[in-house]
Amino acid sequence: MVLGIDLGTSNTVCASLSRDGSPVLIPDAYNKDLQTTPSIALIEGKKAYAGGFAENLYESLPDKQIISFFKRSFGTQDPVYFDDYNNPWFSETVASLILKKVKHDAELYLPDGFKQAVITVPAHYNDVQRKSVIEAARLADLELSAIVEEPVAAALFYGSYNKNIDEEIILIYDFGGGTFDLTLITKSGNQLNVIAKDGVNKLGGKEFDKLVHNAIEEGYEKAFKRPFPNDKLTTNRIQKIAENIKIELNDSEHPRDISKWIMVGRDAFEATFYYTNYANQANELIAKTEAAVNRCLRSLGMQLKDINKIVLIGGTSSSKLVYNFWKQKVMPQQELIYHQPLSSVAKGAALYAASFGNGSSAGSDITPIDLKSVSTYNIGLMIANDPNRQIDLLIHRNTPLPVSSKKVYKINPKQVDYIHFDLCQFWDPKEDVHQLGTIKVGPFATFGEFYLEVAVENRLNGTIGIKVKNADNGRDIKFEFIRKESNHKYDYQQQKALVDDVYLNNYI
Ligand SMILES: Nc1ncnc2c1ncn2[C@@H]1O[C@H](COP(=O)(O)OP(=O)(O)OP(=O)(O)O)[C@@H](O)[C@H]1O
Ligand SMILES: [Mg+2]
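Each chain has its residues counted from 1, following the order in which its sequence is written. To read the labels, note that chains go from A and ligands from 1, taken in the order they are written. For this predicted model, a pLDDT threshold of at least 70 governs which residues receive local features, and a threshold of 80 or more governs which side-chain atom pairs are given and counted, while totals over whole chains, interfaces and linings are taken from all residues. Heavy atoms throughout the structure, all of them, feed into the side-chain values; hydrogens and water do not.

Participant: I tried to follow the confidence of the model for the chain on my own but got confused; where do I start?
Facilitator: Regions with low pLDDT should not have their predicted coordinates read in detail. Confidence of the prediction at every residue is given by pLDDT, a number between 0 and 100. Of the residues in the chain, 97% have a pLDDT of 70 or more, and the chain-wide mean is 92. Across residues 359–364, confidence stays below pLDDT 50; counting only partners more than four residues off in sequence or on other chains, it has nine contacts. Residue contacts are counted whenever heavy atoms from the two residues lie within 4.5 Å of one another.

Participant: How do you make sense of the site of ligand 1 when you look at a structure like this?
Facilitator: Only a single heavy atom is needed: when it lies within 4 Å of a molecule or strand, its residue is near that molecule or strand. Taken together, 22 residues form the shell around ligand 1, and within it T9, S10, E243, K246 and G315 come nearest. In the analysis that follows, any N or O atom pair within 3.5 Å is treated as a polar contact, provided that within protein one partner can donate a hydrogen and the other can accept it, and provided that, for residues neighboring in sequence, both atoms belong to side chains. G178 places a main-chain nitrogen or oxygen 2.9 Å from an oxygen atom of ligand 1. The accessible surface values rely on the Shrake-Rupley method and a 1.4 Å probe; as for residues, cover is taken only from the protein chains in view. Isolated, ligand 1 exposes 660 Å² of accessible area, and the fraction of that covered by the protein chains is 92%. For the shell around ligand 1, the leading source of residues is helix α6 (residues 232–251), giving five residues. Here the residues of the shell around ligand 1 are counted per class, giving two nonpolar, 15 polar and five charged. An automatic or database domain assignment supplies the residue ranges for each domain. Residues lining the shell around ligand 1 come from more than one domain, with at least three contributed by each of domain 1 (3–163 + 340–370 + 491–504) and domain 2 (205–279). The numbering of helices and of strands both runs from the N terminus, where a helix is a DSSP run of H or I of at least 4 residues and a strand a run of E of at least 2. Classification convention: Asp, Glu, Lys, Arg as charged; Ala, Val, Leu, Ile, Met, Phe, Trp, Tyr, Cys, Pro as nonpolar; all other residues, Gly among them, as polar.

Participant: So what exactly am I meant to see when it comes to the side chain of E453 here?
Facilitator: Counting through the fold element by element, E453 comes out in strand β24 (residues 450–458). Buried charge without a partner: E453 forms no salt bridge, and the closest opposite charge is K469, 4.1 Å away. Setting aside residues up to four positions removed in sequence, E453 forms contacts with K406, K407, V408, K467, V468, K469 and A471. Three exposure classes are used, based on accessible area relative to the maximum for each residue type with a 1.4 Å probe and protein chains only: buried under 20%, partly exposed in between, and exposed over 50%. Lys and Arg are tallied as positive, Asp and Glu as negative. Neither His nor the chain termini are counted. Salt-bridge detection follows one rule: a side-chain nitrogen of Lys or Arg within 4 Å of a carboxyl oxygen of Asp or Glu.

Participant: For this particular structure, what's the right way to read the environment of G442?
Facilitator: Mapped onto the elements, G442 comes out in the loop between β23 (434–441) and β24. Along the primary structure G442 and E480 are separated by 38 residues, whereas in three dimensions their C-alpha atoms are 8.9 Å apart. Setting aside residues no more than four positions away along its own chain, G442 makes contact with D417, Y418 and K478.

Participant: Got a minute to help me understand unusual backbone geometry in this structure?
Facilitator: Generally, phi is negative for residues other than glycine and the peptide bonds are trans, each holding for most cases. P402 follows L401 through a cis peptide bond whose omega is -5 degrees. Looking at the element boundaries, P402 is found in the loop between β20 (391–395) and β21 (403–411). The phi dihedral of R389 is positive, around 50 degrees, even though this residue is not glycine. Relative to the helices and strands, R389 is located in the loop between β19 (378–383) and β20. A positive phi angle, near 50 degrees, is found at N505, a position not held by glycine. As for its placement among the helices and strands, N505 is situated in the segment after β27 (503–504). The buried category is assigned to N505, whose relative accessible area is 1%.

Encoded structure:
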């Protein structure tokens, strides 16, 4: 059996294939009505709670922080939480609790168990963020057969029951709880071609919640003439209230202002949320997705009118504001499709997992998927401390994967013991250069001048591999890859011990 996991910022969804080969969601082991797991955790002493358990407990543990939105910290070296013993927990470690929880659900649900899983990642994730997700699976003892991008998984699912989309250009628009992601695809028989990708890392439902959150804070401060409290219980409660009001504002058939009594500690006040205010600010956020769509189309020399279909997925796409925004932009002949926005990523991941053919009960019925993808970013090297900050471009965005490229540098070991290169991913060198880390090469075993070759590979799963060698004699040269410095160094053994030591959800 196979397992596809959509590790979302707000919700984690898990799918497998039924006997006829169609994807089905795996429910919570102890509540069959729950088909998604909130991506939140709570840690108390040697106990940890993941998903709905954490959600149900925060009222009774008022001074505990709910650890949420940790997906936003993938790729950073900063801990997202310190437990009662002052141990740092990294995003990977917290994510592994969620993964252990859904793994347990799957083990109980699937009679024959499963061997490996596919986890999805946002299409715009860079190398370190992708490797963080792989690390979270390792901490959860979850064997991965692959990672696949969220919009690509959604496209696989969409393509699995829409056979007549060959040669069309489809935009998968994934607006979730924490990220916005998009992918342009074409399909030809069993071949799915990803032709371009883009996205915005910190743009999702959370930003819409914040609009309501701000209005609640302002209302409170106006009513009570004192600052809004920032204790943990209030923060946890208001987050939920803000999200519910946001959904109400987004969903109303007939836009209207909403008034609500809000309790903050012992203070009660009536807050009014003005629809027009909210909608104006929300449309500014949606316009940021349009900018990413345009940047993506521009990278291929295309325009919106060249797209045949737009498939809206992700919870934030459920908002009428999002739908109406795009309805106004598309031409009558272009289709705007809204279908299974919360489950299509996990279902597509299960289909992709099955294409690796590791013992699916649907077995030979599964047609292998031939996935062709392209590099998300430009990838380049910059000699560290180069005052000109000049980037040597090795791989262009939208190049078919896997791809490798190399650059040769003249080295004079009499002048330098080490050479440092910053490995960079970026869309536009003038705007958003992301330094993934530093490649430290040396000390050199020779005194004479020689040519050093740095080869960079962008693999099919979007991660990067590096090789360094002496270009004169072809011998590999040892190097160290140093991630951005942080006060708290991630240590696998320590983090693994933390995950293994806690008693999870009172049953794992
Ligand atoms: N009807 C609705 N209107 C607006 N927002 C909604 C609606 N329903 C759900 N949402 C929002 O969708 C978000 C969750 O979406 P989803 O489950 O797709 O995110 P995710 O997959 O966890 O996140 P990501 O893909 O960004 O990592 C939440 O912010 C939620 O408030
Ligand atoms: Mg999602």
